[in-house]
Amino acid sequence: MLSVFRAAAGRVVRGDVRYYAWMVFLLALIGLAISRYVRQLDRGLITTAMRDQVSWGFYIANFTFLVGIAAAAILLVIPAYLYQFRPIREIVLFGEMVAITAVIMCALFIMVDLGQPLRVWHAWPVLGIMNFPSSLFIWDALALLGYLAINVLLVLYALWRLATGREYRLSLIFPLIVLSIPWAVSIHTITAFLYNGLPSRPFWNASILAPRFLASAFCSGPALMLIILQLIRRFSAVEVDNKALFKIAELIAYAMGVNVLLLGAEMFKEFYSGSVHMAPLEYLYFGLRGQGMLQPWIWEATAFNLIAFLIFLVPRLRERPLFLNLGAVLIVLGVYVEKGMGLVVPGFVPDTLGEIYEYWPTVSEGIIAAGIWATGALLFTLMVKFTVPIYTGQIRAERAAERGRR
Amino acid sequence: MDDTPSESGRPATVSRRAFTKGLALGLGATALPTGPAAALDWTAFFQKHFREMSEEEIRRTVERLEREARHRWRKDIRISTTRAMPGVVFGAGVDLSRCIGCRRCVYACVEENNQSRNPQVHWITVLRFRKGEKWSDLANAEKYYEPGRVPEEGFFYLPVQCQLCDNSPCVRVCPTRATWKEPDGIVVVDYNWCIGCRYCMAACPFGARRFNWAEPTIPVDEVNPDTHYLGNRPRPKGVVEKCTLCIHRVRAGRYPACVEACPVGARKFGNLLDPGSEIRYLIEHKRVFRLKEDLNTEPKFYYFFSA
């Protein structure tokens, strides 16, 4: 088995020109981001556009979106294992790897947002002092770590079975798979609660926040999967059944339907009752006192989500590659705005003393965020590159052939 | 004062050193405090939470911090660790009928508590409202008013700072317990334990918490050397700070700087447990209210009208 892993690791560094170009591109982005991050460490977070009024920004927005992406696995796991839907079962491994990547990127986005990153151990068990169960920050860290561990175990187990050419022993792994479902729900719920539990911020302090988180996560994660799976199919020998893609698209349609409904419920409550608590939503969608930088973005996102919902709802549309991809891209972009900047920034606008500070990330924040995305892409590419020859049985087949020749 | 140590000591060398270090040792190393000796850095890195330290550890830590402060500010800075007095819970208040919006409290606080001059950090915010307009939801508050003279005709003022919540949202959310409520009711921050996540700033309903977005700068001759560990000792960048009701003064039996500086006597202060204190008299005899009482944070900061 180990020799199979060693052979797979050897292949990670081999590839065609496009592969090397992709790697160089990602490494360049990462290098640029590191130089910007070193500057941020040196000067402080003043290099960002965050200030006392809007004290969380682009980093935390990306973090929030990525917690949603980590759901990618779960919408594959449910049909694969609970409903025995074969075509998806075969690709669930890639969903789990996306989840692993997303959680690691979440940790990176938290790290770059900390004013004192070296002190992060203060929040660790044993070494530091965890404010548990009081702080939702600690709950979220634990939930994400647990989710990471579950997915790493599932991937390692699958790779081990594949490397030795044996079928999944479901009896062994099934409890973990079942556990991963409520766990995925919990990472979104807890991340939502992190914002939700603050009465100082009426925009977040709405009971609909956690359900909205879940609904949008079940859109963005799987939508990203649709794109990634097609890329894997295109660039490797892995076969991905169209039936799996169509099923994922169908599930996204339901999730997006719920997402749009919940958004509507929130809009109705705020704008019909018209209390002062609607100010952040007003800022986001219509502008407040002449200021509203996020308006074009949120309307674009809303339009994207609605169009994608219609595409994925109609079987004849979602089963055409062009529309399938269009829908997936629209959802990823739409939810990125809605569950990113559109969720974090209006929490702070107007601030608790009524001030409007229009936040827009600096170039430095943008580059550092791009670097973390590049790190995620690099990590995922390497994982896929390592996995594919094991997954397809290519390495085992070659060895068997060699043995046969001898 | 035209020169501050952090500006004069700031040229390219620092960032270049930081950059090479980053390349050589990996990213983490760059955030290490660039103190006089490497050994010092590691002691700082492993420094424990204030409330977890023994008396002996506190003594040694204070010595080291004073040494670092002398190096950084070229001035002897005393860091006291005076504990809360038994039988004391502090409360404060502002008489809105008297406040003229002069902001002398704001600047007295800055000088007393070693707040950064650039970037500008203020622990007190004075809000201005137009008379006759709705104001208690703070939505129409004006923070950046710049009049030639105060008070201005047709306006009134509301100073806001830490509201000394008994049920503090900021304390509840802090992941590392770096901020807590002392027995005398003052909410403090351990600047050496805060990781700078700013969750407390999101949680505070009164905008009372400030983050050091850059290295604080204070002209050397303006640094107040009389400091407290949990209060006005100089802070590093990347941590949160806030009003501590001048913990170094009030625990020594003095008034907070803002109370002393107020030219019209609008600011009040006292021991809530002492039935004879001024603050108790006001609570019992005036119509008092607290900001955002619907949030149930139970502030110990009272607003009232004398007229």
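Up top is the structure.
Bear in mind that the values here come from a model prediction, so they are computed numbers and not experimental data.

Caption draft 1: Examining the overall build of chain B more closely. Of regular secondary structure, chain B possesses 10 helices and 12 strands. The proportion of buried residues among the 307 residues of chain B is 44%.

Caption draft 2: Expanded view of unusual backbone geometry. Residues Phe-132 of chain A and Pro-133 of chain A are joined by a peptide bond in cis, for which omega reads 5 degrees. Residue position: Pro-133 of chain A is located in the loop between α6 (92-113) and α7 (136-163). At Leu-138 of chain B, a position not held by glycine, the phi torsion is positive, near 65 degrees. One can find Leu-138 of chain B in the loop between β3 (125-130) and β4 (155-160). According to the C-beta neighbour criterion, Leu-138 of chain B is buried, with 23 such atoms within 10 Å.

Caption draft 3: Structural detail: the sheet that holds strand β11 (residues 287-289) of chain B. All names here are of chain B. With mixed pairing, the 4 strands of this open sheet are ordered in space as β10-β2-β12-β11. Since the sheet does not close on itself, it has two edges, and those belong to β10 (267-271) and β11, each with one partner. The sheet shows a mean angle of 30 degrees between the axes of neighbouring strands, direction not considered. As defined by bridge partners, strand β2 (residues 90-95) adjoins β10 across 5 bridges and the pair is classed as antiparallel.

Caption draft 4: Quick peek at the pairing of strand β12 (residues 301-305) of chain B. Residues and elements named next belong to chain B. With 4 of 5 residues buried, β12 lies mostly within the body of the structure. As paired strands, β2 and β12 are joined by 4 bridges and run parallel to one another. Its bridge partner lying in β12, Asp-95 is registered against Phe-304.

Caption draft 5: Highlighting the environment of Pro-175 of chain A. By the secondary structure assignment, Pro-175 of chain A is in helix α8 (residues 170-196). A C-alpha to C-alpha distance of 40 Å links Pro-175 of chain A and Pro-346 of chain A, two positions 171 residues apart in sequence.

Caption draft 6: Molecular detail of the environment of His-248 of chain B. Residues and elements named next belong to chain B. Summarising the element assignment, His-248 is placed in helix α8 (residues 247-250). The exposure class of His-248 is buried, given the 25 C-beta atoms found within 10 Å. Along the sequence, His-248 and Asp-274 sit 26 residues apart, while their C-alpha atoms lie 20 Å from each other.

Caption draft 7: Examining the interface of chain A and chain B more closely. Opposite the 43 residues of chain A that make contact, chain B presents 53 residues. Counting only elements with at least two residues in the side of chain A that touches chain B, the list comes to α2 (17-43) and α7 of chain A. Class assignment for the residues of the side of chain A that touches chain B results in 22 nonpolar, 12 polar and 9 charged.

Parameters and conventions
- Residues numbered from 1 in each chain as written.
- Chains lettered and ligands numbered in written order.
- Predicted model: local features only at pLDDT ≥ 70, side-chain atom pairs only at ≥ 80, totals over all residues.
- Helix = DSSP H or I, 4+ residues; strand = E, 2+ residues; numbered from the N terminus.
- Buried ≥ 20, exposed ≤ 12 C-beta atoms within 10 Å, placed from the backbone.
- Pairing = 2+ DSSP bridges.
- Axes fitted to C-alpha atoms, helices over the stretch in contact; angles between N-to-C directions.
- Contact = placed C-beta atoms within 7 Å.
- Nonpolar A, V, L, I, M, F, W, Y, C, P; charged D, E, K, R; others polar.

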